[in-house]
Amino acid sequence: MRVGVVGLGTMGAGIAQVAVTAGDEVVGREVSDELAERGRATIERYLNRGVDKGRMSDMERDAALGRLSLTTRLGDLADCDLVIEAVLEERALKREVFAELDRVCRPDAVLATNTSALSVAEIAEATQRPERVVGMHFFNPAPVLPLVEIVRAPKSSDAAVRTAYEWAERAGKQPVNCNDTPGFIVNRILIPLLNDCVRVLDEADVRPEDMDKAMTNGAGWPMGPCALIDLIGVDVHVHASEALHGKLREERMAPPERLARMQEEGRLGRKSGRGFYEY
Ligand SMILES: NC(=O)c1ccc[n+]([C@@H]2O[C@H](COP(=O)([O-])OP(=O)(O)OC[C@H]3O[C@@H](n4cnc5c(N)ncnc54)[C@H](O)[C@@H]3O)[C@@H](O)[C@H]2O)c1
């Protein structure tokens, strides 16, 4: 199969890696040669790590990298069977990309968006073929986390949903079917739940260490909520909370005061060296 990936940032590079590792020919599109090259370098770094850990051979890595081609022209995605968009989370930008994909891609191609918080239907409406548009919501890091939410918008066809689902399964992922509702499945549940945990820190005067110890040992979470927010990034979590709160208006979804303060202070978690914990 030939897969197009639009945007080779955090998610797009991970998705392209999943696809080349699964044996697909991938065309990755970025806005400049430098950014495209940066995406390729990220993929190469992670594949090298796979070689070091004995998960793949040198030859397999080279073959996988050989299946990746880079471009800055969307027109080079014309022959793709499946295109997965992972550009910035901006509605106007995504609609522009989909309108252009609609013009250049084969009529039978499936066009998928990796949006976390936007309506898939609104993105699909930028095309003349909303029945060929679905959501494919990967989790970060895409090569590591198995879940892909296959999002059906009101006009998505059964065939398009099936193509996306079957591709994800073949690529070694664990796809699930869901609908085009705010937060889909995981974020709809996880965002307010993490916010509850943060509020309890202040309401009950609990330390992050104790919160994490409680939730890992008492609720069986693989990672405590504070460590998880540090991993996701406080800014990313706050942004996702605001988006969900904006749509569903449940108070639990609004970002807690404490996270807003952390964001102001630049305590964003692992990526800034400091969040709930020091790194
Ligand atoms: N980061 C996460 O944890 C996460 C998880 C699931 C879904 N998402 C979603 O994935 C999408 C991408 O997020 P990200 O974290 O990878 O962002 P990112 O900023 O790391 O990457 C976005 C990339 O898109 C490129 N880009 C912008 N306009 C483009 C265009 N017209 N054509 C091609 N490339 C273009 C940018 O140069 C950048 O490299 C967003 O919709 C986000 O909501 C993110």
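These numbers were taken from a predicted model, which means no experiment stands behind them.

Draft legend 1. Examining the site of the ligand more closely. Around the ligand, a shell composed of 23 residues is seen, among which M11, E30, E89, K94 and N114 lie nearest. The contact in question runs from an oxygen atom of the ligand to an N or O atom on the backbone of V87, over 3.4 Å. Taken by itself the ligand offers 830 Å² of open surface, and the protein chains cover 81% of this. Looking at which element gives the most residues to the shell around the ligand, the answer is helix 4 (residues 91-104), with three residues. Looking at the shell around the ligand, its residues break down into 10 nonpolar, eight polar and five charged.

Draft legend 2. Layout of the domain arrangement of the protein. Domain boundaries assigned for the protein yield domain 1 (2-179) and domain 2 (186-272). Here the C-alpha centroids of domain 1 and domain 2 sit 28 Å apart. On the side of domain 2, four residues touch domain 1, which itself brings eight residues to the contact. For the pairing of domain 1 and domain 2, the buried interface totals around 410 Å² over both sides, and the portion due to carbon and sulfur atoms is 54%. Counting across the domain 1 and domain 2 interface gives zero salt bridges. Put simply, domain 1 and domain 2 have two residue pairs in polar contact (both at pLDDT 80 or more) between them. Residues belonging to the side of domain 1 that touches domain 2 are distributed by class as follows: four nonpolar, three polar and one charged.

Definitions and cut-offs
- Residues numbered from 1 in each chain as written.
- Predicted model: local features only at pLDDT ≥ 70, side-chain atom pairs only at ≥ 80, totals over all residues.
- Heavy atoms only, no water.
- Near = heavy atom within 4 Å.
- Polar contact = N/O pair within 3.5 Å; in protein donor to acceptor, adjacent residues only side chain to side chain.
- Areas by Shrake-Rupley, 256 points an atom, 1.4 Å probe, with all protein chains shown as cover.
- Helix = DSSP H or I, 4+ residues; strand = E, 2+ residues; numbered from the N terminus.
- Nonpolar A, V, L, I, M, F, W, Y, C, P; charged D, E, K, R; others polar.
- Domains from an automatic or database assignment.
- Contact = heavy atoms within 4.5 Å.
- Buried area = accessible area lost by both parts, 1.4 Å probe.
- Salt bridge = Lys/Arg side-chain N within 4 Å of Asp/Glu carboxyl O.

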